[in-house]
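# Structure assessment
Residues per chain are reported as follows:
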Amino acid sequence: MKKVLCITLNPAIDLTATVNELTIGAVNRATNSQLGAAGKGLNVARLMSELGQVGVATGFLGDDNRTLFDRLFASHRAFDGIYGTGQMSDEFVSVQGMTRTNVKIVDKGKTTDVNGVGFSVTQDDKDKLFNKIKGLLPDVSAVVVAGSMPRGFDADDFRVLLDLLTTHHDKVAVDVSGVALKVALDYDLWLIKPNLDELSEVVGRRVVSLDEQQTALQVIKGNITHMLVSMGSRGVNYFKRADGAYQIYQALPPKVSVASSVGAGDTMVAAMMFGLLQGYDDRQLLTFATALSAYAVTTVAVGVPSRERLDELTAGVTLTCP
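Residues numbered from 1 in each chain as written. Predicted model: local features only at pLDDT ≥ 70, side-chain atom pairs only at ≥ 80, totals over all residues. Heavy atoms only, no water.

### Description of the packing of aromatic side chains
Definition in use: We call Phe, Tyr and Trp rings a pair once their centres come within 6.5 Å, taking the six-membered ring for Trp, and we label the pair stacked below 30 degrees between planes, edge-to-face above 60, and tilted otherwise. Remark: exposure states derive from per-residue accessible area (1.4 Å probe, protein chains only) relative to the maximum for the residue type, with buried under 20%, exposed over 50%, and partly exposed in between.
Evaluated as defined, the whole model comprises 10 aromatic pairs. Look at phenylalanine 239 and tyrosine 246: their rings are 6.3 Å apart centre to centre, the planes differ by 85 degrees, and that puts the pair in the edge-to-face class. Using a relative accessible area of 0% as the deciding quantity, one classes phenylalanine 239 as buried. A ring pair is formed by tyrosine 280 and phenylalanine 288, whose centres lie 5.6 Å apart and whose planes are at 85 degrees; its orientation type is edge-to-face.

Spelled out as structure tokens, the structure:
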């Protein structure tokens, strides 16, 4: 089994409610609701365990409301995944205060997010996390840092984190946005996955077409080995760097009934990391990641399908190499 260190700086408790039609300013009744421990890096750790690997979850976690997180760790301590028995371990640094609660309202497949305000971290909290990460790095096959930054953790701190990760490991994946993404693009990274809006924001112009995305790559300072630009139902563009140039692949997902987009990006990151660590070739890798991400939008929960369902979705992926 491969171990993957999954860093979530600002986890959340997700309250997800599904409605038939959201009406602003009125009482809306949910047809379904669920409450669960979440956060981009945490989701990747969970998915890794469900794929039969080891997800080592770390980051900051509030002392005052960690019950749901403890429950998740207990349920995935030994998980019968689709490719073997996986594991998920808790290496979070506890901080004072509450982990934020995010409200997600799902209406006909579209999700409206109201993200809460959570704990604030101190310098002592940051030092504890950096020291913990440094101790964990020698024992993992890859690292991912994903999600937003909490109060008290700024761009300079994020740079310190990436300095630490890239100095001690050659397989560092990043899934962030805004100022953190701007910082990340200065580094030589193993994998990065911005969506269209996130990439457009950091380069200062819309990058919708393949040509526009290729042009955007030229302004990136760091050498990114694997870069995915996710485009929702339009699929994903995969840029693989080799010998100073990019090999480009495009994938269209199979047609599915969309329940929610929550967790689809995290699923794609987890699938790419899993496939890379298993030695998948380029086409197998992108097909697998696209299929698993397509499954993610068919359900409100984060998880992996049965082998049979995954095979069906894989057969529906269209792959091209322009």
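### Re helix 4 (residues 155–168)
For the record, the criterion: Where helices and strands are cited, they refer to DSSP runs of H or I of at least four residues and of E of at least two residues respectively, numbered from the N terminus. Here the expected span of a helix is defined as 1.5 Å times the quantity of residues minus one. This arc is built from the directions going out from the helix axis to the C-beta atoms. Any pair of residues with heavy atoms lying within 4.5 Å of one another is described as a contacting pair. Distance and chemistry together define a polar contact, namely a pair of N or O atoms within 3.5 Å, with one atom able to donate a hydrogen and the other to accept it when in protein, and with adjacent residues in sequence counting only for side-chain atoms on both sides.
For helix 4, built from 14 residues, the straight-helix expectation of 20 Å at 1.5 Å per residue is met to within 8% by its first-to-last C-alpha distance of 20 Å. Looking at helix 4, one finds that the buried residues are Asp157, Phe158, Leu161, Leu162, Leu164 and Leu165. The arc enclosing the buried residues of helix 4, seen along the axis, measures out at 155 degrees, which places them on a common side. Turned more than 90 degrees off the buried face of helix 4, the exposed positions are Asp156 and Thr167. Of the surrounding secondary structure, the elements contacted by the buried residues of helix 4 are strand 1 (3–8), helix 3 (123–136), strand 10 (142–146), strand 11 (172–175) and helix 5 (178–184). Sitting at the head of helix 4, aspartate 154 places a side-chain oxygen 3.1 Å from the backbone nitrogen of aspartate 156.

### Looking at the sheet that holds strand 3 (residues 32–38)
Selection criterion: Following DSSP output, two strands are said to pair if at least two bridges run between them. Note on definitions: angles span 0 to 180 degrees between N-to-C directions of axes, and those axes are lines fitted to C-alpha atoms, for helices only across the stretch in contact.
One open sheet holds the 4 strands; their spatial order is 3-2-8-9, and the pairing between them is mixed. The strands lining the two open edges of the sheet, one partner per strand, are strand 3 and strand 9 (110–115). Ignoring which end each strand starts from, the neighbouring axes of this sheet average 20 degrees apart. Direction of pairing for strand 2 (residues 12–19) relative to strand 3: antiparallel, over a ladder of 7 bridges.

### Points about the pattern of salt bridges
In plain terms, the rule: Here a salt bridge means any side-chain nitrogen of Lys or Arg lying within 4 Å of a carboxyl oxygen belonging to Asp or Glu.
The final tally for this structure, using the stated rule, is 15 salt bridges. The closest approach of N and O atoms between lysine 132 and glutamate 91, which form a salt bridge, is 3.1 Å. Placement of lysine 132 in helix 3 and of glutamate 91 in the loop between strand 6 (84–90) and strand 7 (93–95) is noted, with a sequence separation of 41 residues between them. Residue lysine 104 is joined to aspartate 113 by a salt bridge in which the shortest nitrogen-to-oxygen separation is 2.6 Å. Looking at lysine 104, the relative accessible area reads 11%, which means it is buried.

### Observations concerning the side chain of serine 200
Topologically, serine 200 is positioned in helix 6 (residues 196–203). Separated by 3.1 Å, the side chain of serine 200 and the backbone nitrogen of valine 207 make a polar contact. Aside from chain neighbours lying at most four places away, what touches serine 200 is Arg205, Arg206 and Val207.

Such coordinate-based values are descriptive only and should not be taken to indicate function.
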